[in-house]
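Fold and contact review
What follows is the residue order along each chain.
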Amino acid sequence: MDRTDSNRNRHVGRTIVALAAVFGVLQTATAVDLMGNLTKPLVTGALNLIGLSAIDLGYVLEIGRLQVPWTGDCAGLNILAVLLAVVLWTWRDRPFDRRMVARLLSAVPLAFAANLARIFTLIAYRAWQYPAVESPQLHYFFGFLWILPVLGWFAAPALKPDLKERRRWLEALHIAATLALLAPLNAGPAGWVVSLCALALLLPRSPGENERGPPAQLMVYGWFLAAVLIAVMRMESLWLPWLLACPFVHRVTWRSLAPQVMALAGTVPVLAWNPWVAAVALVGAVWWVWRALRAPVESEQAELHSGWPGYARGVLGLYFLVPFASSVLPSLPHNPGVLPSGAMVRNVAANARQVQLWDQPAGLDMVWYEAFGDGRHHTLKVCMRYRGIELHAASTAPEIMTDGTTWYSQFFIQQGRLIPSYTEYLAATSFPLSTPGTHIIMTAANESWSQERFAREVSKLATRLTSNP
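Of all hydrophobic cores here, the largest spans 76 residues; its most connected members are W89, F144, L179, W223, W242 and F320. A per-element tally of this core places helix α3 (residues 77-90) first, with 10 residues. Not counting the four nearest positions on each side in its chain, W223 is found in contact with W242, A245, C246, P247, F248, L316, Y319 and F320. Counting 19 residues, the second largest nonpolar core, distinct from the first, contains V355, A394, I400 and M442.

In structure tokens form, the structure reads like this:
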């Protein structure tokens, strides 16, 4: 075996290990709480030190009049996952030396510090916007902002002497932005498919000298314009594929177009949930990785192409922030769900109303949640996580969730139509400028209601929500 083959085999092995490691970090970040027991006392202690009364109520921090939910994200593991992934990914062609070890070890304290800053930023934002509650996207936006100052430290130094510092930093920014968007999707529908396809497309593919493709200028202008359209139409599920299709990172060729489009379909949760689309997307991801690993080792370092216009490179870094900042843009007006006649209503939060129908069984509670701006509602599990409640599927009915003490079930009303499942809701809201509708969550105590009775009663109650407007 010659030296070239040896280098290629070593490179392929390291890349596969990096893929597996990053995938594992992302998958466990939302499920394991390693730093929460240390983070929460520091937050409450710091708040009390500056004169704010902060009380730990378990899943909620009570800070004066504020009720701030405490979820697994507050432990900072998503931030740690992003920093570790940047190191593992950008150093995959480098030797495992003390410089890489130093960065891996420093990821823990720096992620911890960035997460503390994120939590205090969220508390300040919630106090400023009281009684409104921030959207889930803002959690990741603030976290992403606080890791920007240290990205340059975690990114590997350039292999090529002509790769300028600015271009290397932009590469790290692209990877971090992609992983920050990807981290919360792991808990959503088809999360593992989305993760695998996204990580595959992060692998740079170096086109051959004779490969041709669409005009480079056209791809750049189209990519910039697509960000504006996605932001205006509030199609948040398209931000991840938009970022992965950045023409500054991957030069599009006719030969690479097929696997890229196939894999990009798998990064959209509403599409990846379909088993046929998921299968095609995974084939495209494998195809992309296979082609990328066949490229010469010395050309594997991802570059932000120097042939693009200078002004385009200048605003590129800001464009990587657009998916996060778009969640704070003014929303289009939309009408809340129409309540059945005779319903008794009590406002329980800025965007939530407790609804009681005249013949609603005692002990069965129902809350109608309106969307944050134009954003689509999340799954029941994700939605309740941002209210400090961790749910898991019931033993015999996956559509019923529980936290151990309460049964939960969800429905949606969109444009006057009752939607019983999240899959159908995604399909109904997948068109541009679609109204997000109303998220209806019904609950009952475990000790008073059996799982079978709860499933039966919520189904009967849901059928009356749109039959008597």
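Quick look at empty space enclosed by the protein now. Applying the stated rule across the entire model yields 5 cavities of 30 Å³ or more. Here the largest cavity defines a volume of roughly 120 Å³. Forming the boundary of the largest cavity are 12 residues, of which N78, I79, Y140, G143 and F144 lie nearest the centre. Listed by contribution, the elements that provide at least two residues to the lining of the largest cavity are α3 and α5 (136-147). Ranked by the residues each element gives to the lining of the largest cavity, the list is headed by α5, at 5 residues. Tallied by class, the residues present in the lining of the largest cavity amount to 7 nonpolar, 3 polar and 2 charged.

On to helix α13 (residues 275-293), then. Helix length check: α13 (19 residues) gives 27 Å between terminal C-alpha atoms against 27 Å at 1.5 Å per residue, within 8%. Regarding α13, the residues found buried are A278, A281, G284, A285, W288, V289, R291, A292 and L293. Two or three places before W276, at the start of α13, stands the capping residue N274, its side-chain oxygen 2.8 Å from that residue's backbone nitrogen.

Now for a nonpolar patch on the surface. The grouping of L225, V228, L229, V232 and M233 at the surface amounts to a nonpolar patch, some 410 Å² of accessible area in total. Here L229 is to be found in helix α9 (residues 216-233). What makes L229 partly exposed here is its relative accessible area of 42%.

Throughout the structure, instances matching the rule amount to 8 aromatic pairs. Geometrically, the ring pair formed by Y422 and Y425 is tilted, given 5.7 Å between the ring centres and 40° between the ring planes. Here Y422 and its partner Y425 are both found in helix α17 (residues 422-428), 3 residues apart, which amounts to about one turn of the helix. Like Y422, the residue Y425 is buried in the burial classification. Of the aromatic side chains, those joined through ring pairs into one cluster are W223, F224, W239, W242 and F320. Its guanidinium or amino end placed over the ring of W153, R103 lies 3.9 Å from that ring's centre, counting from NZ or CZ. Its end group placed over the ring of W449, R453 keeps NZ or CZ at 3.7 Å from the ring centre.

Quick look at α9 now. For α9, which comprises 18 residues, the first-to-last C-alpha distance of 26 Å matches the rise-based estimate of 26 Å (1.5 Å per residue) to within 8%. Residue R234 follows α9 closely and has a positive phi angle near 60°.

The geometry of helix α11 (residues 254-265) relative to α13 is characterised by a closest axis approach of 7 Å and an angle of 135° between their N-to-C directions. Considered as vectors, α11 and α13 are oriented oblique to each other. α13 is crossed by α11, and the crossing has left-handed handedness. Each of R255, S256, A258, P259, Q260, M262, A263 and A265 in α11 lies in contact with α13, whose residues at this interface are V277, V280, A281, V283, G284, A285, W287, W288 and R291.

For the rest of this paragraph, the subject is the pattern of salt bridges. For the structure shown, the criterion picks out 3 salt bridges. Residue D359 is joined to R464 by a salt bridge in which the shortest nitrogen-to-oxygen separation is 3.2 Å. Remark: R464 occurs in the segment after α18 (451-463) and D359 occurs in the loop between β5 (352-356) and β6 (365-370); sequence separation between them is 105 residues. Judged by its relative accessible area of 26%, R464 is partly exposed.

Our next topic: unusual backbone geometry. The backbone of Q415 sits at a positive phi, close to 55°, despite the residue not being glycine. For Q415, the location among the structural elements is in the loop between β9 (406-414) and β10 (417-419). Classification of Q415 as exposed rests on a relative accessible area of 67%.

Here we take up the pairing of β9. Among the 9 residues in β9, 9 count as buried, and that is most of the element. Here β9 shows two buried faces, one formed by T406, Y408, Q410, F412 and Q414 and the other by W407, S409, F411 and I413. Where strand β8 (residues 401-402) and β9 come together, 2 bridges link them in antiparallel fashion. Residue pairing in the sheet places T402 in a bridge with W407 of β9. The turn joining β8 and β9, which pair antiparallel and follow one another in sequence, is formed by 3 residues; a positive phi near 105° is taken by G404. The pairing of β9 with strand β11 (residues 438-445) spans 8 bridges and is classified as antiparallel. Across the sheet, the residue bridging to S409 is M442, located in β11. The sheet contact formed by β9 and β10 spans 3 bridges and is antiparallel. Looking at the pairing, I413 lines up with L418 of β10.

What counts and how
Residues numbered from 1 in each chain as written. Predicted model: local features only at pLDDT ≥ 70, side-chain atom pairs only at ≥ 80, totals over all residues. Heavy atoms only, no water. Core = buried A, V, L, I, M, F, W, Y, C linked by side-chain atoms within 4.5 Å. Buried < 20%, exposed > 50% of the residue type's maximum accessible area, 1.4 Å probe, protein only. Helix = DSSP H or I, 4+ residues; strand = E, 2+ residues; numbered from the N terminus. Contact = heavy atoms within 4.5 Å. 1 Å grid on protein atoms, 1.4 Å probe; cavity = no way out; pocket = protein on both sides within 12 Å on 5 of 7 lines; lining within 4 Å. Points joined across faces, edges and corners; volume = space filled by probe spheres on them. Nonpolar A, V, L, I, M, F, W, Y, C, P; charged D, E, K, R; others polar. Expected span 1.5 Å × (residues − 1). Polar contact = N/O pair within 3.5 Å; in protein donor to acceptor, adjacent residues only side chain to side chain. Patch = residues over 30% accessible without salt bridge, like charges linked within 9 Å, V, L, I, M, F, W, Y side chains within 5 Å. Areas by Shrake-Rupley, 256 points an atom, 1.4 Å probe, with all protein chains shown as cover. Salt bridge = Lys/Arg side-chain N within 4 Å of Asp/Glu carboxyl O. Phe/Tyr/Trp six-rings, centres within 6.5 Å; stacked < 30°, edge-to-face > 60°. Lys NZ or Arg CZ within 6 Å of the ring centre and 35° of its normal. Axes fitted to C-alpha atoms, helices over the stretch in contact; angles between N-to-C directions. Parallel < 35°, antiparallel > 145°, perpendicular 65-115°, else oblique. Left-handed = near helix turned anticlockwise from the far one by under 90°. Pairing = 2+ DSSP bridges.

Everything listed here is a matter of coordinates, which is why it stays silent on function.
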